[in-house]
Amino acid sequence: MRKKIVAGNWKMNMNLQEGLNFARSVDQYFREKPAPKAEVILCTPFIHLQGVSEIIKNGKVELGAQNCAAEPSGAFTGEVSATMIKSTGAQYVIIGHSERRSYYHEDDRLLNKKTLLAINTGLKVIFCCGEVKEEREQGRHLIIIKRQLEEGLFTLPAESMKMIVIAYEPVWAIGTGLTATPEQAQEMHHYIRGLVKEKYGRECAEEMTILYGGSCKPSNAAELFSKPDVDGGLIGGASLKKEDFAAIAEAF
Ligand code: PGA
């Protein structure tokens, strides 16, 4: 059975105290509830990782980072390595978010390097892909996703694919309030699963968790998650409100 996941991407929000207080309330919420059908992950800024790791210990929430360095260690001022992330107790790292691709010019080759490094360090990777508005309008969305996956991800050996979660995040839907329709999400997720199948075979494709991201909220989560190839969500804005995030995690 493939895993359902709801991951919160805090992005660059909340100082240390605010973040730890928020994590405490999310952790507490899920401890008091029966286990949700989806695995719940908090992807926090680097500075929160260790503190959140202690808060969630033995609870029902998992932890991830939002980026990692492309080099294992050394003279790279300002960078945080996959090994450092792993040492906080985090299990996941988001790689290839569209904000990294566009604002920090991270290209497919660099993302591929980061992905390999993260996996070799023992981190699971939430690998993001997504087209911009013009690419969809020009009908190029499928080809763009194919390129991002082939160049960023499909160099991995088959045995590493169990460490991968794919997140489809149409850039035009991120933080804009515009959500892909459940049909648009399903079409793309089905296409992505087909690409995984072509490259790694049927079993790997069936096991692959594919998340949707982009203005996912309590009012649309259940419908999105009801689609057969949508296995959960990567949640930005709505992950900063406990009630909304909890409602999305319980939308299955
Ligand atoms: P959003 O962000 O939910 O605020 O649109 C999603 C994401 O960027 O992961």
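Reference entry: report on the structure contained in this document.

**A few points about the site of the ligand**
Here is step 1: The full set close to the ligand counts 13 residues, and K11, H97, E169, G175 and S215 are the nearest of them.
Here is step 2: A distance of 2.7 Å separates an oxygen atom of the ligand from a polar atom in the side chain of E169.
Here is step 3: For the ligand, the protein covers 95% of the area, taking 280 Å² as the surface of the free molecule.
Here is step 4: Considering only residue class, the shell around the ligand consists of 4 nonpolar, 7 polar and 2 charged.

**Some remarks on the pairing of strand β1 (residues 5-9)**
In regular strands, side chains alternate between the two faces of the sheet.
Here is step 1: By the criterion of burial, β1 is predominantly enclosed, with 5 of the 5 residues buried.
Here is step 2: With burial as the criterion, each face of β1 is covered, one bearing I5, A7 and N9 and the other bearing V6 and G8.
Here is step 3: As paired elements, β1 and strand β2 (residues 39-43) share 5 bridges and run parallel to each other. Residue pairing across strands places A7 opposite I41, the latter belonging to β2.
Here is step 4: Pairing of β1 with strand β8 (residues 232-235) involves 4 bridges; the strand directions are parallel.

**Details of the packing of aromatic side chains**
Here is step 1: For the structure shown, the criterion picks out 5 aromatic pairs.
Here is step 2: Geometry around Y104 places R100 over its ring, the cationic atom sitting 4.1 Å from the centre.

**A short note on the nonpolar core**
Here is step 1: Counting residues in each nonpolar core, the largest one holds 66 residues, and the members touching the most others are L149, I166 and I192.
Here is step 2: In terms of residues, this core owes the most to one element, helix α8 (residues 182-200), which gives 6 residues.
Here is step 3: Apart from residues lying up to four places away in sequence, I192 is in contact with C129, I145, L149, I166, Y168 and I210.
Here is step 4: Core analysis: the second largest hydrophobic core is formed by 12 residues, I41, C43, L211 and L234 among them.

**Side note on the packing of helix α1 (residues 16-32) against helix α2 (residues 46-56)**
Here is step 1: Where α1 meets α2, the axes come as close as 9 Å, and the angle between the chain directions of the two elements is 30°. With respect to α2, the element α1 is oriented roughly parallel. Helix-helix and strand crossings are classified by hand; for α1 and α2 the assignment is right-handed. Residues L16, G19, L20, A23, R24, D27 and R31 of α1 form the contact with α2, whose own contacting residues are I47, H48, G51, V52, I55 and I56.
Here is step 2: Looking at side-chain class alone, the contact of α1 with α2 contains 7 nonpolar, 3 polar and 3 charged residues.

**Some details on α1**
Here is step 1: The end-to-end C-alpha distance of α1, which contains 17 residues, comes to 24 Å, matching closely the 24 Å that a straight helix rising 1.5 Å per residue would cover.
Here is step 2: Taken as a whole, α1 has its buried residues at G19, L20, F22, A23, V26, D27 and F30. Buried positions in α1, seen along its axis, are confined to an arc of 165° and lie on one side of it. The exposed residues of α1 that point more than 90 degrees off its buried face are Q17 and E32.
Here is step 3: Tucked into the core, α1 has its buried residues touching β2, α2, β3 (61-65) and α11 (242-249).
Here is step 4: Its side-chain oxygen 3.1 Å from the backbone nitrogen of Q17, N15 forms the N-cap of α1.

**Side note on the pattern of salt bridges**
Here is step 1: Inspection of every chain in the model, using the stated rule, returns 19 salt bridges.
Here is step 2: A salt bridge links R2 to D229; the shortest N-O distance between them is 3.9 Å. Taken together, the residues R2 in the segment before β1 and D229 in the loop between α10 (218-225) and β8 connect sequence positions 227 residues apart. The residues R2 and D229 share a single accessibility class, namely buried.
Here is step 3: E183 is paired through a salt bridge with K227; the nearest N and O atoms lie 3.5 Å apart. Placement of E183 in helix α8 and of K227 in the loop between α10 and β8 is noted, with a sequence separation of 44 residues between them.
Here is step 4: Owing to a relative accessible area of 22%, K227 belongs among the partly exposed residues under this scheme.

Here is what the cut-offs are and how they apply
- Residues numbered from 1 in each chain as written.
- Predicted model: local features only at pLDDT ≥ 70, side-chain atom pairs only at ≥ 80, totals over all residues.
- Heavy atoms only, no water.
- Near = heavy atom within 4 Å.
- Polar contact = N/O pair within 3.5 Å; in protein donor to acceptor, adjacent residues only side chain to side chain.
- Areas by Shrake-Rupley, 256 points an atom, 1.4 Å probe, with all protein chains shown as cover.
- Nonpolar A, V, L, I, M, F, W, Y, C, P; charged D, E, K, R; others polar.
- Buried < 20%, exposed > 50% of the residue type's maximum accessible area, 1.4 Å probe, protein only.
- Helix = DSSP H or I, 4+ residues; strand = E, 2+ residues; numbered from the N terminus.
- Pairing = 2+ DSSP bridges.
- Phe/Tyr/Trp six-rings, centres within 6.5 Å; stacked < 30°, edge-to-face > 60°.
- Lys NZ or Arg CZ within 6 Å of the ring centre and 35° of its normal.
- Core = buried A, V, L, I, M, F, W, Y, C linked by side-chain atoms within 4.5 Å.
- Contact = heavy atoms within 4.5 Å.
- Axes fitted to C-alpha atoms, helices over the stretch in contact; angles between N-to-C directions.
- Parallel < 35°, antiparallel > 145°, perpendicular 65-115°, else oblique.
- Left-handed = near helix turned anticlockwise from the far one by under 90°.
- Expected span 1.5 Å × (residues − 1).
- Arc of directions from axis to C-beta.
- Salt bridge = Lys/Arg side-chain N within 4 Å of Asp/Glu carboxyl O.

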